[in-house]
Amino acid sequence: MSTVTPQPRRFEGKSVLVTGGSTGIGLAAARAFAAEGARVVITGRDAAALEQVAAELGNQALALRNDAGDVDAAGELARTLAANGITLDAVFVNAGSAKLAPMEASTPQLWDQLFGVNVRGPYFQIQALVPLLNKGASIVLNGSINAHIGMPNSSVYAASKAALISLAKTLSAELLPRGVRVNVVSPGPVATPLYGKLGLDAAALDATAAQIQNQIPLGRFGRPEEIAATVLHLAAAESAFIVGTEIVIDGGMSQL
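Considerations on the packing of helix α3 (residues 71-83) against helix α4 (residues 108-129)
Closest axis-to-axis distance for the α3/α4 pair is 8 Å, and the angle between their directions is 30°. In terms of their interaxial angle, α3 and α4 are classed as roughly parallel. Crossing handedness for the pair α3 and α4: right-handed. Contacts between α3 and α4 involve V71, A73, A74, G75, L77, A78 and L81 from the former and R120, F124, Q125, A128 and L129 from the latter. A breakdown of the residues in the contact of α3 with α4 according to their chemical character gives 9 nonpolar, 2 polar and 1 charged.

Quick look at the environment of A38
Considering the arrangement of structural elements, one finds A38 in the loop between α1 (24-35) and β2 (39-44). Accessibility expressed as a relative area gives 8% for A38, which makes it buried. As a C-alpha pair, A38 and T87 span 49 residues in sequence and 12 Å in three-dimensional space. Not counting residues within four places of it along the chain, the set of residues in contact with A38 comprises F11, K14, V16 and F33.

Digging into the side chain of S239
In this fold, S239 is placed in the loop between α8 (224-235) and β7 (246-249). Judged by its relative accessible area of 2%, S239 falls in the buried class. Non-local contacts of S239, meaning those with residues more than four positions away in its chain, are made with R181, H233 and L234.

Focus on the nonpolar core
Ranked by internal contacts, the top residues of the largest apolar core, which has 32 residues, are F11, F33, V40, I42, L57, F92 and V185. Going through the elements one at a time, β1 (15-18), α1, β2, α2 (47-57), β4 (88-93) and α8 are the ones with two or more residues in this core. Here this core gets 7 residues from one element, more than from any other, and that element is α1. Once you skip the residues sitting within four places of it in the chain, L57 turns out to touch A30, R31, A34, V40 and I42.

Side note on the pairing of β1
Side chains S15 and L17 project from β1 onto one buried face, and the interleaved V16 and V18 project onto a second face that is buried too. Pairing of β1 with β2, which is carried by 4 bridges, proceeds in the parallel orientation. Its bridge partner lying in β2, L17 is registered against V41. Following the chain from β1 across α1 to the adjacent parallel β2, one finds a crossover that is right-handed. Where β1 and β4 come together, 3 bridges link them in parallel fashion. For V18, the partnering residue across the bridge sits in β4 and is F92.

Overview of empty space enclosed by the protein
What the rule picks out here adds up to 1 cavity of 30 Å³ or more. Of the voids in this model, the largest cavity is the one considered here, and its volume is about 70 Å³. In terms of lining residues, the largest cavity is bounded by T19, T43, N66, A68, L77, V93, A95, G121, P122 and Q125. When residues of the lining of the largest cavity are assigned to their parent elements, the largest contribution, 3 residues, is made by α4.

What to know about the packing of aromatic side chains
Counting across every chain of the model gives 3 aromatic pairs. Centroid distance F11 to F33: 5.0 Å. Interplanar angle 80°. Geometry classified as edge-to-face. Of this pair, F11 sits in the segment before β1 while F33 sits in helix α1, and the two are 22 residues apart along the sequence. Like F11, the residue F33 is buried in the burial classification. Judged by centre distance (5.1 Å) and plane angle (80°), the rings of Y123 and F124 are edge-to-face.

Calculation criteria
Residues numbered from 1 in each chain as written. Predicted model: local features only at pLDDT ≥ 70, side-chain atom pairs only at ≥ 80, totals over all residues. Heavy atoms only, no water. Axes fitted to C-alpha atoms, helices over the stretch in contact; angles between N-to-C directions. Helix = DSSP H or I, 4+ residues; strand = E, 2+ residues; numbered from the N terminus. Parallel < 35°, antiparallel > 145°, perpendicular 65-115°, else oblique. Left-handed = near helix turned anticlockwise from the far one by under 90°. Contact = heavy atoms within 4.5 Å. Nonpolar A, V, L, I, M, F, W, Y, C, P; charged D, E, K, R; others polar. Buried < 20%, exposed > 50% of the residue type's maximum accessible area, 1.4 Å probe, protein only. Core = buried A, V, L, I, M, F, W, Y, C linked by side-chain atoms within 4.5 Å. Pairing = 2+ DSSP bridges. Right-handed = clockwise from strand over helix to strand, strands pointing away. 1 Å grid on protein atoms, 1.4 Å probe; cavity = no way out; pocket = protein on both sides within 12 Å on 5 of 7 lines; lining within 4 Å. Points joined across faces, edges and corners; volume = space filled by probe spheres on them. Phe/Tyr/Trp six-rings, centres within 6.5 Å; stacked < 30°, edge-to-face > 60°.

Next up, the structure:
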């Protein structure tokens, strides 16, 4: 009688950081990393949600309250990880902010908020984490197809994600000598709580969601777990030859 040898878990004995790990795509990724054996560190602003997810992930998980747009918090996170003896094999820079507004209604405050959370925060968070990255580590940035499709009312958000996507190439060039890879996943519309934070009222949100869904060739929103699967692929050794690349996951919305 033959027996099946269980496959080793891809992140057994490794430590992974997921920013914005208590909801949506970040939560799906944290769960997937934990299922593959990783010690998972999650960050976010909602302490109660963080603790709930950490309890679900098991006693190896660590939840840290952190504001992704605060440069001082970026340094504090790195120091906390170092104090706990944690070095990192993968980082999923997922935390972000999305708000829609037509150009005439956009303000410097909206610009500063979105660029602060989506570009400035991630840049300086990565800078602070570099000394903690193990050789062979992988950084995955969460971009967006909005950087490519010119959707009305998304000018500031789209520009911030385009800037983040650009960082994948320049940071790859800088970090490769350290043995660290940087890549991007760019989701299309995904069914996450983020859609409730776009700054729209319920009627406008429903109308926007319906309009967007009609533009997706697959005819549906994506699932967070579908994005997480690609994040894990890019974070794992199996993708060691993928560097500075963006993988678009959008049901064909920006391609067909």
